[in-house]
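Spelled out from the first residue to the last, the chains are:
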2 protein chains.
Amino acid sequence: MPKQTFFNLEPEKREAIIKAAVEEFAQAPFEQASLTKIVEKCGIAKGSMYQYFRDKRDLYLYVVDLAYEQKRAYVSKAFAREGDIFSVLEEYYYQSYAFAREHPLFHQVTNKFWDNKGGALRLELEKGRLSRASDFAKFLDEAMAQGKVNKDLDPEAVFFVYHAVGKELIDHFDQVHSDGFFKRVLDVLRLGLAAREEQAK
Amino acid sequence: MPKQTFFNLEPEKREAIIKAAVEEFAQAPFEQASLTKIVEKCGIAKGSMYQYFRDKRDLYLYVVDLAYEQKRAYVSKAFAREGDIFSVLEEYYYQSYAFAREHPLFHQVTNKFWDNKGGALRLELEKGRLSRASDFAKFLDEAMAQGKVNKDLDPEAVFFVYHAVGKELIDHFDQVHSDGFFKRVLDVLRLGLAAREEQAK
DNA sequence: CCATGATGTGACCGCCCGGTCACTTCTGCA
DNA sequence: TGCAGAAGTGACCGGGCGGTCACATCATGG
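Residues numbered from 1 in each chain as written. Chains lettered and ligands numbered in written order. Predicted model: local features only at pLDDT ≥ 70, side-chain atom pairs only at ≥ 80, totals over all residues. Heavy atoms only, no water.

An ideal rise of 1.5 Å per residue puts 24 Å on 17 residues; helix α9 (residues 155–171) of chain B measures up with 24 Å between its terminal C-alpha atoms. Of all 17 residues in α9(B), 15 are buried, a share of seventy percent or more. (Helix = DSSP H or I, 4+ residues; strand = E, 2+ residues; numbered from the N terminus. Expected span 1.5 Å × (residues − 1). Buried < 20%, exposed > 50% of the residue type's maximum accessible area, 1.4 Å probe, protein only.)

What follows deals with the relation of the copies chain A and chain B. Taken together, a rotation about one axis and a shift along it account for how the two chain copies relate. Note on the copies: chain A fits chain B at an RMSD of 0.0 Å, the axial shift is 0.0 Å, and the rotation between them is 180°. Such a combination of turn and shift is consistent with a two-fold rotation axis. The position closest to the rotation axis in chain A is occupied by the C-alpha of Gly192(A), lying 1.7 Å away. The fraction of interface residues of chain A whose copies in chain B are also interface residues reaches 100%, indicating that both copies meet through the same surface. (Least-squares fit on C-alpha atoms with pLDDT ≥ 70 in both. Contact = heavy atoms within 4.5 Å.)

Turning to the protein's contact with DNA strand C, a few remarks are in order. Contacts to DNA strand C come from 20 residues, most closely from Gly47(A), Tyr52(A), Ser34(B), Tyr50(B) and Lys56(B). Of everything in DNA strand C that lies within 4 Å of the protein, sugar and phosphate atoms constitute 60%. Here a phosphate oxygen of DNA strand C sits 3.0 Å away from a polar atom, N or O, in the main chain of Ala33(B). Take Lys56(B): an N or O atom from its main chain is 2.9 Å from a phosphate oxygen of DNA strand C. Contributions of two or more residues to the surface near DNA strand C are made by α1 (4–8) and α4 (46–52) of chain A together with α3 (35–42) and α4 (46–52) of chain B. Here the element with the most residues in the surface near DNA strand C is α4(A); it accounts for 5 residues. Residues that form the surface near DNA strand C fall into these classes: 6 nonpolar, 8 polar and 6 charged. (Near = heavy atom within 4 Å. Polar contact = N/O pair within 3.5 Å; in protein donor to acceptor, adjacent residues only side chain to side chain. Nonpolar A, V, L, I, M, F, W, Y, C, P; charged D, E, K, R; others polar.)

Attention shifts here to the protein's contact with DNA strand D. Every one of the 20 residues lining DNA strand D counts as a neighbour, but Ser34(A), Tyr50(A), Gly47(B), Gln51(B) and Tyr52(B) are closest to it. The sugar-phosphate share of atoms of DNA strand D within 4 Å of the protein amounts to 59%. Here a phosphate oxygen of DNA strand D sits 3.1 Å away from a polar atom, N or O, in the main chain of Ala33(A). Between DNA strand D and Lys56(A) there is a distance of 2.9 Å, counted from a phosphate oxygen to a backbone nitrogen or oxygen. Broken down by secondary-structure element, the contributors of at least two residues to the surface near DNA strand D are α3 (35–42) and α4 of chain A together with α1 (4–8) and α4 of chain B. Split by residue class, the surface near DNA strand D holds 6 nonpolar, 8 polar and 6 charged.

Contact residues are listed per partner, giving 45 residues for chain A and 45 residues for chain B. Of the roughly 4000 Å² buried at the junction of chain A and chain B (both faces included), carbon and sulfur atoms supply 62%. When the buried surface of chain A facing chain B is broken down by residue, Phe160(A), Glu168(A) and Leu193(A) rank first, second and third, together holding 19% of it. In this structure, the connection of chain A to chain B is made through 5 salt bridges. Of all elements in the fold, only α9 (155–171) and α10 (179–191) of chain A reach the threshold of two or more residues within the side of chain A that touches chain B. The element best represented in the side of chain A that touches chain B is α9(A), accounting for 13 residues. (Buried area = accessible area lost by both parts, 1.4 Å probe. Salt bridge = Lys/Arg side-chain N within 4 Å of Asp/Glu carboxyl O.)

Here the focus is the pattern of salt bridges. Throughout the structure, instances matching the rule amount to 19 salt bridges over all chains. Residue Glu23(A) pairs with Lys41(A) through a salt bridge whose shortest N-O separation is 3.5 Å. A residue pair is termed long-range when its members are at least 10 positions apart, and Glu23(A) in helix α2 (residues 11–27) and Lys41(A) in helix α3 qualify at 18 residues. Glu23(A) gets classed as partly exposed once you look at its relative accessible area, which sits at 24%. Glu91(B) is the salt-bridge partner of Arg81(B), the closest N and O atoms lying 2.6 Å from each other. With Arg81(B) in the loop between α5 (56–80) and α6 (85–102) and Glu91(B) in helix α6, the pair connects residues that are 10 residues apart, well separated along the chain. Accessibility expressed as a relative area gives 16% for Glu91(B), which makes it buried. Overlapping salt bridges, with partners in common, bring together Lys19(A), Glu23(A) and Lys41(A) in one network.

Below you can see the structure in the form of structure tokens.
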């Protein structure tokens, strides 16, 4: 968390710092990002940065928080949506895409953040995953109870699959920008690979 | 590619170098891995390393090649297997798991390699992905023609999903070591989330 | 106007990095 | 045995890093 001094700054200076930091952490993962470059980019002395943040990690986590705050504003719309689990999931992926498109730097920050498997950030990461898992599990249980979802499936495996596919989609938003592709990917998950005897459409 | 000098070395020295390099590149991604630590670990002078390899990147790509060579020896068994596409896929995931279990350092090297989205390694990475995609596409087309696989699905989306799930499984082999879990994940992909009217078992 | 505490600064510290090169040591053949 | 070329070496280079600190500057209220 930033020190109080940071919040006492004139807004435009504060935002210049944020902008420079976001650009740097979007471009390189934590370990490779350069604090020196950040202070040069926003024109403050390096010592000043340490008036505002405890260290590089402190600044980084603050930026990551900002990014996830923005992202939450998008994806939370999905859960508010009326409809079955499939339309919620479609909306979830679509909102993730909208976030990536409208806040590309934040998007890259979040991407680089959960790529970071090693290092001291692992704990924060796992915490977020669990919270998302429980959100998803609620929807899934409900849909199973209603008979909309295959009861033979292992909920843990279902979450695993959706998490993996969502992650990969988000990872490749740059390349995969066809709206229809989301739907086709979701069709694969919904219908399954094995041919269906009933009319599936 | 290493220089000729490297292959002229006595085997035990050559393997000591390989061992040290594998350990280092298993522990950290390319940019964070330290050539200095490698030469210290295997007890040769830093200058000597430059008799064997052009630079750090040359050494790294050599190690990555070794790792993928080993991995191919495992996963290629899957395609040789008799049976439908689902049993081939199961075997593929299982062999990937066996590789990770029996060659954990190589496994970590490959993992860290295709995590590397930025940097100059991207081209090599994409090449590998395309070759795997075409292998998979062959099997998929065949299975669709035989009516074993849902004809309504987009083959590109199918590959995308399987690739994503495979990647995530491989990423988490450390945590997910239950044999049954593979099967349950494959069930999700095979059957799909939507409830089936026919008896699915 | 000055005193005081908060804020701003950039030269500097120690560390580690990939890579180089003048030099030594080894090896095998004439 | 001598000698040429291959192989081995480690001190050294320039550069970048995160972080520090003695000092300069500023804002405030007595």
